[in-house]
Amino acid sequence: MIDEHVNAIKNINYKIDLDELVTPSLGEVSNWNGDYGLRDKDWILLPHPGILLGKILHEITNSFDFREGNIGLCHPNPDGKTITMFALHKTTSGPAGLPKIRMKKVPLETDNFQTLRMILDKPSNGNYNTVLPLATIPPVHKKAIDILVKGTHQESLKYIIDNINKTAGFGFESIVQSILSTSRDLIEIYHSVYFGADNRGSQEEDFFVLTRSQQIIWISCKFTKTIGVIRNEVKRLRLIPPLNFPKERIYTILATSRLVAEKYYSESDKDEYPDVHVCHVENINEIIYSISNQDGGN
């Protein structure tokens, strides 16, 4: 978001002077001596957690470089829909020459400024495939969905190998991709997202999607008849994905066949992992609709 705004401002006013500095991480904060040299009209993007805010306010109050003027603080809230802005004014006209600080809090709506592409670009090094919307699911995938919902695992396996992909797992992913591409609740869909320096040594995730109401959904596809595989994947999906982003905005779906999804819920405590939706190919878009029309995370 910062990069996009900076570039837009530079296009309008090429004389603007902009420097970008990175605030320390939580592990580094204890060694931070406040040597940023704050100046009038600086803006600071507040990171998590709140302990850093205290260090930054201490720097603003005691900085000899910043004696008078205005500093802006910006805190993106976990819901991804609002930003809290703090406008600080500092003067040295307080009692006994001590600095005087006035602060005003202003909540703002982001108006959907942030895109999923911006969130994925850095950790994935841009290694992902963009999925474009489709009007309808291709007939060969419609037939596969019908078999996955009504048939046996062996029948589904044979159809996918014979008609879609010799590697059944990849064929199943392409079926899920067709389903996602027809969802009108999604505005961004990315497939085969790699996190790491190169594809061979990277962690690959099947799908990340963004809903119209700005929720991020992490989707894993498992074409298997082994419940143990499903249980292990559910446990993995409960972990935080490799994104520097609030967990509160990330939902998770495990897509599989109907028989396996029903068997998983019949043999498991449905409240054991309520934050992971295990669903079959016929109701993926129904689950996405439900997520898109609720507030909060998971």
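Read on for a plain summary of the structure. (Residues numbered from 1 in each chain as written. Predicted model: local features only at pLDDT ≥ 70, side-chain atom pairs only at ≥ 80, totals over all residues. Heavy atoms only, no water.)

## What about the packing of helix 6 (residues 168–181) against helix 9 (residues 284–292)?
And then number 1: Between helix 6 and helix 9, the shortest axis-to-axis distance is 9 Å and the interhelical angle comes to 45°. With respect to helix 9, the axis of helix 6 lies oblique. As helix 6 runs across helix 9, the sense of the crossing is right-handed. Residue-level contacts link V176, I179 and L180 of helix 6 to I284, N285 and I288 of helix 9.
And then number 2: Along the lines of polarity and charge, the residues of the contact of helix 6 with helix 9 split into five nonpolar, one polar and no charged. (Axes fitted to C-alpha atoms, helices over the stretch in contact; angles between N-to-C directions. Helix = DSSP H or I, 4+ residues; strand = E, 2+ residues; numbered from the N terminus. Parallel < 35°, antiparallel > 145°, perpendicular 65-115°, else oblique. Left-handed = near helix turned anticlockwise from the far one by under 90°. Contact = heavy atoms within 4.5 Å. Nonpolar A, V, L, I, M, F, W, Y, C, P; charged D, E, K, R; others polar.)

## Quick notes on the packing of aromatic side chains
Ring pairs (aromatic) are described by centroid distance and by the angle formed between their planes.
And then number 1: For the coordinates displayed, the defined rule picks out five aromatic pairs.
And then number 2: Ring centres 6.1 Å apart and planes at 5° place the aromatic pair F208 and W218 in the stacked group. One end of the pair, F208, is in strand 7 (residues 203–211); the other, W218, is in strand 8 (residues 216–221), and ten residues separate them in sequence. (Phe/Tyr/Trp six-rings, centres within 6.5 Å; stacked < 30°, edge-to-face > 60°.)

## Here we look at helix 6
And then number 1: Counted at 1.5 Å a residue, the expected span for helix 6 with its 14 residues is 20 Å, and the 20 Å between its end C-alpha atoms agrees.
And then number 2: Within helix 6, ten of the 14 residues are buried, leaving the element largely enclosed by the surrounding structure.
And then number 3: Residues of helix 6 that are buried: A168, G171, F172, E173, I175, V176, S178, I179, L180 and S181. (Expected span 1.5 Å × (residues − 1). Buried < 20%, exposed > 50% of the residue type's maximum accessible area, 1.4 Å probe, protein only.)

## Brief notes about the sheet that holds strand 9 (residues 250–256)
And then number 1: Across the sheet, six strands lie side by side as 5-6-7-8-9-10; this open sheet has mixed pairing. If you trace the sheet from one side to the other, it starts and ends with strand 5 (129–130) and strand 10 (276–280), each paired once.
And then number 2: As defined by bridge partners, strand 9 adjoins strand 10 across five bridges and the pair is classed as parallel. Each bridged residue has a counterpart across the sheet, and for L254 the counterpart in strand 10 is V278.
And then number 3: Sitting on the sheet, helix 3 (residues 116–124) is in contact with strand 5, strand 6 (186–195), strand 7 and strand 8, with an inclination near 5° to strand 6.
And then number 4: Taken strand by strand, helix 6 contacts strand 6, strand 7, strand 8 and strand 9, and its axis lies near 15° from that of strand 7. (Pairing = 2+ DSSP bridges.)

## Comments concerning the environment of L57
And then number 1: Inspection of the secondary structure assignment puts L57 in helix 2 (residues 51–62).
And then number 2: A relative accessible area of 28% places L57 in the partly exposed class.
And then number 3: Sequence separation between L57 and L88 is 31 residues, and the spatial gap between their C-alpha atoms is 9.7 Å.
And then number 4: Other than its neighbours up to four places away in sequence, L57 contacts L73 and L88.

## Section: the pattern of salt bridges
And then number 1: Applying the stated rule across the entire model yields eight salt bridges.
And then number 2: With its nearest N and O atoms 2.8 Å apart, the salt bridge here joins E205 to R236. With E205 in strand 7 and R236 in helix 7 (residues 227–237), the pair connects residues that are 31 residues apart, well separated along the chain.
And then number 3: Between R238 and D275 there is a salt bridge, with its nearest N and O atoms 3.5 Å apart. Within this pair, whereas R238 is found in the loop between helix 7 and strand 9, its partner D275 is found in the loop between helix 8 (258–267) and strand 10, the two being separated by 37 residues in sequence.
And then number 4: Connected through salt bridges with shared partners, the residues E205, E233 and R236 form a single ionic network. (Salt bridge = Lys/Arg side-chain N within 4 Å of Asp/Glu carboxyl O.)

## A short note on the pairing of strand 2 (residues 69–76)
And then number 1: Burial runs high along strand 2: six of the eight residues are buried.
And then number 2: Examined bridge by bridge, strand 1 (residues 42–45) and strand 2 share four bridges and lie parallel to one another. Residue pairing across strands places I44 opposite L73, the latter belonging to strand 2.
And then number 3: As paired strands, strand 2 and strand 3 (residues 82–91) are joined by eight bridges and run antiparallel to one another. Bridging across to strand 3, H75 finds its partner in T84.

## Some remarks on helix 4 (residues 139–150)
And then number 1: With twelve residues, helix 4 extends 17 Å from end C-alpha to end C-alpha; this agrees with the ideal 16 Å at 1.5 Å per step.
And then number 2: Of the residues making up helix 4, those classed as buried are H141, A144, I145, I147, L148 and V149.
And then number 3: Here the buried face of helix 4 lies against helix 5 (153–163), helix 6, helix 8 and strand 10.

## What to know about the side chain of E205
And then number 1: For E205, a relative accessible area of 1% puts it in the buried group.
And then number 2: A polar contact of 3.0 Å, which involves the side chain of E205, links it to the side chain of W218.
And then number 3: When neighbours within four sequence positions are excluded, E205 is seen to be in contact with S192, V193, F195, W218 and R236. (Polar contact = N/O pair within 3.5 Å; in protein donor to acceptor, adjacent residues only side chain to side chain.)

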